[in-house]
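Listed below are the residues making up each chain.
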Amino acid sequence: MRNYPAMILLVILLFLFIPISLPAQESVSPTPIAIAETPSEFQAYDTPNDCLSNISISWKAMSPESESIQYVVSIDKSADGKFEQEADKFPSVYNWKSDKEWPFWVSGTKEGYHYVELNILQQFPPLTQAELNKKKAELQKVRSEIEKAKLDNKDYSEANTKKLVLMDDLKILENKISKEKAEIKAKTYYFKVTAVDKNNQVLFTSPVLSAQTQNNGFNQSLLINFLAMIFLCATVLWFISHAKKNKNLFLRRINGLDAVEEAVGRATEMGRSIFYMTGITDMSDIACICATVILGKISEKVAQYDSQIKVPHRDPIVMTVCQEIIKEAYIKAGRPDAYKSDSSFYVTGDQFAYTAAVNGMMMREKPAASFLMGSYAAEALLLAECGATTGAIQIAGSDSTDQLPFFITTCDYTLIGEEFYAASAYLSREPVLVGTLKAQDFGKLFVLAALVIGAVFSLAHMPWIIDIIKDFS
Amino acid sequence: MDQFKKLAPLIVAFVMGVFFGLQYYIPHPFTDDLLTGMSKWFIVIGGIAMGLGIVSLFYSHIYKIKRRAPAWGFSFVMFIALFTMLGVGIYCANAEVITETGKQTIYGWLYQSFMVPLQSTMFSILAFYVASAAFRAFRAKTKEATLLLIAAIIVMFARVPMGEAIYAQIPTFQVGGMTIPPTIGNITGWIMKTINMAAQGGISLGICLGVIAMSLKIIFGIEKSYMGSTK
């Protein structure tokens, strides 16, 4: 009879001992990556052309580089520090200096260099920042309490006192933070770049680099832009002085502006009003200023022809300016008595509410002429098409390239882009203003020449020339 | 004094124009802070000017009601809307109503229920106006208009799924590695990126130079009529 219990015990023991009896497996370590060329030319410097507290670090790429190799940029306040603060970490195939759109005189050699930008205030935020955030949250809470107490007609004097105390605290903290920020920015910081593999095994460590943030006085990447501006200013001023001497400068005919007199005359004959829109932008937009300037010239003609002008507005500041302009135009035309202060009036600030109101007025009053000058958006076609259905003679002038096709389709005359900006000079024929048009033409010639040269050099594989002329765009 | 009144705005325009023109080239915290400060001032002035706008609105509609001008009833609607929103904004700022979408302030509910549908209505009218404008523009009266019409048909054809589906039925064949006829997307892309962009680029160039010249005229006090004074 077989001894089954002994056999089972033997099998169990065998299973238990097999792992022990087998030779211990050696942990397979990955083959270390062989670096043919180590990273070099490490540099840390204040980021050029910014007004922030950024430090740039660049270095020549190593060979080979792959997704599995990562660069770790560490930062410390001391050169002898442990560099435990990791400022950035990225695979070695990313973050290239060539990604920065800097011209060659700012960036130097771009190809094959890694580039990292670190914000010092993000790395070492002011200590009082957390306290400031806490106080701000507290103030918000107290303000809500006051609002609620006001609605419930309850006494809120205690909360109000608390609010004032908190506001004082905030002021003190903000001053403290700005001082702290200045101190943080003034310090020198130290950096180390380390290349590691996917097991965090260090492949290479750079020497310690140091840099300090600085305030930049001039954005060097805009050098060509600045020079072009100086050149254009000088050209404009030269042509103005030239125009003063030679008063018979040729101006090509602009049908849209020649038709202004016809439109105003038509309004007088029909005994109907003229509508003038200055666009949807405010006085901070140059197109709006240009529209108000043209309004002055047209108002003068309106006063001479004893017609009536109506200028509905979306912006109260533009309305006030237009009131002054129309008044002045009537005085200039020798008809101050005919001026009506309500000719320039406010409608609403909302885009479509304004459109609805103006369209309503147009449909009711059936104006003889309608001028659409300035910048427009979606309301352009709504206004112009409504004007067309009333039978008004329509003259549009705009720099909104998206809306120009609609104006061309629906209006009798359209001043396209530069014609719109030339309108004031064309209507007044003042030599000084006409001189600026000549300068504009010269500028156009200059830019066209730059475009041709740029295209030729670009085809000839000379990318540096693009750095020089791209600012003309 | 009169001379000063005329000169002061010109000096302000010159100083501010030159300073903020140069600010673009100076990446310094000081200039950056000044620009931020000025932008804040602009918002403040805009807020104050809103009062002027409301006064103007008030008088122009009162005048219409007094004179029984055409459609003077709308002026009443304007006053009801103005005072309702003003009253709700001042006295019931935090009062809430329960709507289908959840809790809302009364002000928000009024805005959502009246303003938003009205705005949408106005915007939707645009579709009909685009159709009527297109009808006028695409009449092949001249050579240029015919070209415009052809280009528009091709672009429209590619933009609607049905057009694309119809075009896909046309049999294609390869000549020297090229597909003949090219896909409708490629033709449209070429029209938009080559012909359209070239024309837009030319217009934009003129606009940019116009803007620069106008800015210089204002900065140097050559163009003064925007101040209401031409002398």
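None of these values were measured; they are calculated from a predicted model.

S.K.: Mind showing me how you'd approach the packing of helix 8 (residues 286-304) of chain A against helix 7 (residues 184-219) of chain B here?
M.R.: Any two packed helices are characterised by how steeply their axes cross, that is the angle between the axes, and by the distance between the axes. Direction vectors running N to C along helix 8 of chain A and helix 7 of chain B enclose 70°, while the axes themselves pass 10 Å from each other. The angle between helix 8 of chain A and helix 7 of chain B falls in the class roughly perpendicular. When you trace helix 8 of chain A past helix 7 of chain B, the crossing you get is left-handed. Residues Ile 286, Ile 289 and Cys 290 of chain A of helix 8 of chain A pack against Val 211, Met 214, Ser 215 and Ile 218 of chain B of helix 7 of chain B. Its residues assigned to classes, the contact of helix 8 of chain A with helix 7 of chain B shows six nonpolar, one polar and no charged.

S.K.: Can you help me understand the sheet that holds strand 14 (residues 413-416) of chain A in this one?
M.R.: Pairing between the strands of a sheet is mediated by backbone hydrogen bonds and can be parallel or antiparallel. All names here are of chain A. Within the open sheet, the six strands sit side by side as 11-10-9-12-13-14. Their pairing is parallel. For this open sheet the edge positions go to strand 11 (344-346) and strand 14, each flanked by a neighbour on one side alone. In this sheet, neighbouring strand axes are inclined to one another by 15° on average, regardless of whether the strands run parallel or antiparallel. In this structure, strand 9 (residues 273-277) lies alongside strand 12 (residues 369-373), joined through four bridges in parallel fashion. Directly across from Ile 274, in strand 12, lies its bridge partner Ala 369. In the packing of helix 7 (residues 255-270) onto the sheet, the strands contacted are strand 9, strand 12, strand 13 (393-398) and strand 14, and the crossing angle to strand 13 comes to about 140°.

S.K.: Looking at this structure, I do not really get the nonpolar core. What am I missing?
M.R.: For soluble globular proteins, the rule of thumb is that nonpolar side chains tend to be buried together. All names here are of chain A. Grouped together as the largest cluster of nonpolar side chains are 96 residues, with contacts concentrated most on Ile 274, Tyr 276, Cys 290, Ala 369, Phe 371, Leu 372 and Ala 384. No other element matches the 12 residues that helix 8 contributes to this core. Two domains each donate at least three residues to this core, and these are domain 3 (222-247 + 434-472) and domain 4 (260-425). Each residue touching Phe 371, except ones within four places of it in the same chain, is listed here: Phe 275, Tyr 276, Met 277, Ile 298 and Ile 395.

The rules we used
Residues numbered from 1 in each chain as written. Chains lettered and ligands numbered in written order. Predicted model: local features only at pLDDT ≥ 70, side-chain atom pairs only at ≥ 80, totals over all residues. Axes fitted to C-alpha atoms, helices over the stretch in contact; angles between N-to-C directions. Helix = DSSP H or I, 4+ residues; strand = E, 2+ residues; numbered from the N terminus. Parallel < 35°, antiparallel > 145°, perpendicular 65-115°, else oblique. Left-handed = near helix turned anticlockwise from the far one by under 90°. Contact = placed C-beta atoms within 7 Å. Nonpolar A, V, L, I, M, F, W, Y, C, P; charged D, E, K, R; others polar. Pairing = 2+ DSSP bridges. Core = buried A, V, L, I, M, F, W, Y, C linked by C-beta atoms within 7 Å. Buried ≥ 20, exposed ≤ 12 C-beta atoms within 10 Å, placed from the backbone. Domains from an automatic or database assignment.

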